[in-house]
Amino acid sequence: MIRLILISIFLFSVSYTKPLVLTEKEKLWLKNHPIIKVGADNNFAPFEFVDENGVFKGVTADYLKEMQEYINIALNKKRKAEFNTTPHDKDEIRFDIVKDKKWSSILKMARGKELDLISCIVETQDRKKYLDFTSVYLTFPMVIVTNKATGFIHNLSDLKGRSVAVIDCYTPNELLKDEGIFLVVTETLSQALELVSSGKTFAHVGNLSRVTYALRQKGFQNLTVSGITDYKYNFSMATKKEDKILNNIMQKAFDSIPSEVKASIYYKWFPLEYEEEKDYALIWLILFGTLTLTLIFSFWVFRLNMNIKKRKVDKAQLLKDKSWLNNSLRILNNYAWQWDLEKREIKINPDFAKLLNLKEEETIISEKYFKSLIKKEDLSKLLADMEDHFSKKTNNFSTILTIETKAEFKKRVLFTGKIEKIDIFSHAKRIIGVVEEIKEN
């Protein structure tokens with residue numbers, strides 16, 4: 001699913017390629033404004049950021065370099081002006097990047113009409129009052145980040161009444177203020193993720209690509225993307241309200257970038273380098289055991305048939321033996337489970353259902369219900385063992401649990417499992433395992 005989202009984002013960004021043809025009015029505007037002052041977020045990797053050497057980088061930086069070149073070519077310049085440096089002559093166009101301001105200051109400058117262009121911004125009702133926007137050139141989902149042990153978050157309503165870290169002046173501030181969520185405002189993404197990692201806030205809501213980039217670069221091994229909201233980051237460029245001509249130029253310049261160039265920029269900053277891995281060790285163990293039982297029971301069936309041929313067997317006893325044999329064959333899939341961490345549900349076989357004092361047809365139970373059956377201290381131990389396994393400290397996890405129901409039903413079991421499927425972030429999506437009942441002596 002995530003792969004399809006990222007591929008669709010890429011296809012959207014490369015859909016349009018048109019030659020850059022400037023009108024006489026547009027050429028005159030550029031002649032009178034050879035230096036275009038650009039407001040950018042200096043801490044918004046991988047979209048745009050300033051590195052430790054003071055160099056402006058990111059996907060929008062690469063787009064602006066290409067746009068600057070095509071604008072100068074359209075003005076019949078033999079060579080392009082160097083990016084973010086002094087022009088070679090008064091008519092050559094260059095983008096002058098404001099690199100030393102926080103995002104809140106960039107927005108303040110935009111309101112004060114101190115900037116010609118903002119390179120990467122989401123259109124909101126407030127910003128439309130003083131900015132005109134180009135068409136959207138990149139779209140990314142707004143996601144929810146939590147501790148891995150939290151499980152899947154279905155939507156923003158699951159965050160009501162909880163504390164959520166958001167970044168100052170970023171889009172989630174405006175979108176979430178009326179959602180009944182306690183917002184903790186930070187200056188940077190690292191600060192927001194640190195609050196979640198340390199347990200000081202329950203979650204962070206932000207951009208999928210930024211979060212993925214930060215988790216890969218900064219660590220935060222105990223965090224994961226646990227949900228996708230209905231909101232999206234639709235990134236555009238923006239100009240002052242009165243600069244309609246510049247807005248048209250920027251749109252034309254972006255559309256003139258060849259698709260293959262857009263593709264190289266996109267994959268440079270948003271690589272799809274992941275494999276959906278499956279560890280079949282536990283699966284093979286279960287299959288081997290199943291095969292062994294099958295051979296044993298097949299041999300019993302063969303012996304039983306031979307005995308039937310050799311001697312007369314009481315009909316009632318024969319039916320009893322057949323019933324016993326059919327019931328024994330059910331052991332081939334006995335006490336098995338599959339835990340879907342995204343859907344928050346657990347699939348169990350009929351024998352496990354009976355062990356939980358449920359009806360045999362109740363083979364899908366909610367994660368919440370299953371946890372409610374487990375003794376509190378055992379549940380804490382189970383979650384800790386699972387976290388160790390998710391962090392690759394163990395090859396699998398195995399925890400002794402006490403299962404209790406309202407009907408004073410109690411069982412002691414050995415609950416063993418292993419990751420069966422992971423997502424783009426190398427975090428568990430599905431785990432499988434077996435349960436063994438511990439008989440009391």
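These numbers were taken from a predicted model, which means no experiment stands behind them.

So, how was this worked out
- Along each chain, residue indices are assigned from 1 in the same order as the chain's sequence is written.
- Whole-chain, interface and lining totals are the exception, using all residues; otherwise, since this is a predicted model, local features are given only for residues with pLDDT of at least 70 and side-chain atom pairs are given and counted only at 80 or more.
- Hydrogens and waters are ignored; side-chain quantities use all the structure's heavy atoms.
- Each helix is a run of DSSP H or I of at least 4 residues and each strand a run of E of at least 2, with the numbering of both proceeding from the N terminus.
- Residue exposure (1.4 Å probe, protein chains only): buried if accessible area is under 20% of the type maximum, exposed if over 50%, otherwise partly exposed.
- Here, residues are in contact when the closest pair of their heavy atoms is within 4.5 Å.
- In this description, accessible areas are obtained by the Shrake-Rupley approach with a 1.4 Å probe, and a residue is regarded as covered only by the protein chains that are shown.
- Between the N-to-C directions of two axes lies an angle of 0 to 180 degrees, each axis being a line fitted to C-alpha atoms and, for a helix, fitted only over the stretch in contact.
- Convention used here: angles under 35 degrees read as roughly parallel, angles over 145 as roughly antiparallel, angles from 65 to 115 as roughly perpendicular, and any remaining angle as oblique.
- Here the nonpolar group is Ala, Val, Leu, Ile, Met, Phe, Trp, Tyr, Cys and Pro; Asp, Glu, Lys and Arg are the charged ones; every other residue, Gly included, is treated as polar.
- Here is the rule: rings of Phe, Tyr and Trp (six-membered ring for Trp) pair when centre to centre is within 6.5 Å. Planes less than 30 degrees apart are stacked, more than 60 are edge-to-face, and the remainder are tilted.
- Nine residue types can take part in a nonpolar core, namely buried Ala, Val, Leu, Ile, Met, Phe, Trp, Tyr and Cys, and a core is a set of them joined through side-chain atoms within 4.5 Å.
- In short, DSSP must find at least two bridges between two strands for them to pair.
- One side-chain nitrogen of Lys or Arg within 4 Å of one carboxyl oxygen of Asp or Glu is enough to make a salt bridge.
- In this analysis, the expected span of each helix is defined as 1.5 Å times one less than the number of residues it contains.

**Considerations on the overall build of the protein**
Assigned secondary structure in the protein consists of 14 helices and 18 strands. Of all 441 residues assigned to the protein, the portion counted as buried reaches 49%. The contacts of the protein with a sequence gap of at least 6 include a subset with a gap of at least 24, amounting to 65%. Carbon and sulfur atoms make up 52% of the accessible area of the protein, which totals about 23,300 Å².

**Thoughts on the packing of helix H6 (residues 189–197) against helix H7 (residues 208–218)**
It is the contact of H6 with H7, at a shortest axis distance of 11 Å, that shows an interaxial angle of 75°. Regarding the angle of H6 to H7, the classification is roughly perpendicular. From H6, Leu-189, Ser-190 and Leu-193 reach across to H7, where they touch Arg-210, Val-211, Ala-214, Leu-215 and Lys-218. Tallied by class, residues from the contact of H6 with H7 come to five nonpolar, one polar and two charged.

**Thoughts on the packing of aromatic side chains**
A full pass over the atoms with the stated rule returns 20 aromatic pairs. Aromatic side chains Phe-47 and Phe-235 sit 4.7 Å apart centroid to centroid with 45° between the ring planes, which places their arrangement in the tilted category. Within this pair, whereas Phe-47 is found in the loop between strand S2 (43–44) and strand S3 (48–50), its partner Phe-235 is found in strand S12 (residues 223–240), the two being separated by 188 residues in sequence. Phe-47 gets classed as buried once you look at its relative accessible area, which sits at 0%. Judged by relative accessible area, Phe-235 falls into the buried class, the value being 2%. Centre to centre, the rings of Phe-47 and Phe-270 are 5.4 Å apart; their planes meet at 55°, and the pair counts as tilted. With a gap of 223 residues between them, Phe-47 in the loop between S2 and S3 and Phe-270 in the loop between helix H9 (259–269) and helix H10 (281–310) connect regions that are remote in the sequence. Judged by its relative accessible area of 6%, Phe-270 falls in the buried class.

**Overview of the environment of Ala-61**
In this fold, Ala-61 is placed in helix H3 (residues 59–74). The class for Ala-61 is buried, based on a relative accessible area of 0%. When the C-alpha positions of Ala-61 and Ser-119 are compared, they lie 8.3 Å apart, and in sequence the two are 58 residues distant.

**Points about the nonpolar core**
Ranked by internal contacts, the top residues of the largest apolar core, which has 83 residues, are Ile-36, Ile-71, Phe-95, Leu-159 and Phe-235. Per-element tally for this core: the top contributor is H3, with seven residues.

**Quick notes on the sheet that holds strand S18 (residues 428–437)**
Taking strand neighbours across the sheet as the criterion, the six strands line up as S15-S14-S13-S18-S17-S16 in an open arrangement whose pairing is antiparallel. The sheet is open, and its two borders are formed by strand S15 (364–366) and strand S16 (397–404), each paired with just one other strand. Averaged over all adjacent pairs, the angle separating strand axes in this sheet is 30°, with direction ignored. Note: strand S14 (residues 345–348) against S15, three bridges, orientation antiparallel. Counted as the bridge partner of Ile-346 is Ile-365 from S15.

**Description of the pattern of salt bridges**
In a structure, side chains of opposite charge can pair up when their charged atoms sit close to one another. Enumeration over the complete set of coordinates arrives at 23 salt bridges. With its nearest N and O atoms 3.8 Å apart, the salt bridge here joins Asp-96 to Arg-94. Judged by relative accessible area, which is 10%, Arg-94 ranks as buried. Residues Asp-116 and Lys-240 are paired through a salt bridge, measuring 3.7 Å at the closest nitrogen-oxygen approach. Here Lys-240 lies in strand S12 and Asp-116 lies in the loop between helix H4 (103–111) and strand S6 (117–122), a separation of 124 residues in the sequence. By relative accessible area, Asp-116 is classed as buried at 13%. What you see here is one network of salt bridges that share partners, running through Arg-111, Asp-126 and Lys-129.

**Some remarks on unusual backbone geometry**
Of the consecutive residues Ala-45 and Pro-46, the connecting peptide bond is found in the cis state with omega at 5°. With respect to the helices and strands, Pro-46 occurs in the loop between S2 and S3. At Lys-113, a position not held by glycine, the phi torsion is positive, near 60°. By secondary structure assignment, the location of Lys-113 is in the loop between H4 and S6. In this structure, Cys-169 takes a positive phi of about 70° despite not being glycine.

**Some remarks on helix H14 (residues 376–390)**
Since the α-helix turns once every 3.6 residues, residues separated by three or four places project in the same direction. Compared with an ideal rise of 1.5 Å per residue, which puts 15 residues at 21 Å, H14 spans 21 Å between its outermost C-alpha atoms and is within 8% of the ideal. When H14 is considered as a whole, its buried residues turn out to be Asp-378, Leu-379, Leu-382, Asp-385, Met-386, Glu-387, His-389 and Phe-390. Close packing links the buried residues of H14 with strand S8 (138–147), strand S13 (336–340), helix H13 (367–373), S16, strand S17 (410–422) and S18. Phi for Lys-392, located one or two positions after H14, is positive at around 65°.

**A few points about the pairing of S8**
Taking burial as the measure, the 10 residues of S8 include nine buried ones, the bulk of the element. Sheet analysis places S8 next to S12, joined by nine bridges and oriented antiparallel. The partner of Val-145 across the bridge, within S12, is Val-225. Of the pairings in the sheet, the one linking S8 to strand S11 (residues 203–207) comprises four bridges and is antiparallel in character. Residue Met-142 lies in a different strand from S11, and its bridge partner there is Asn-207.

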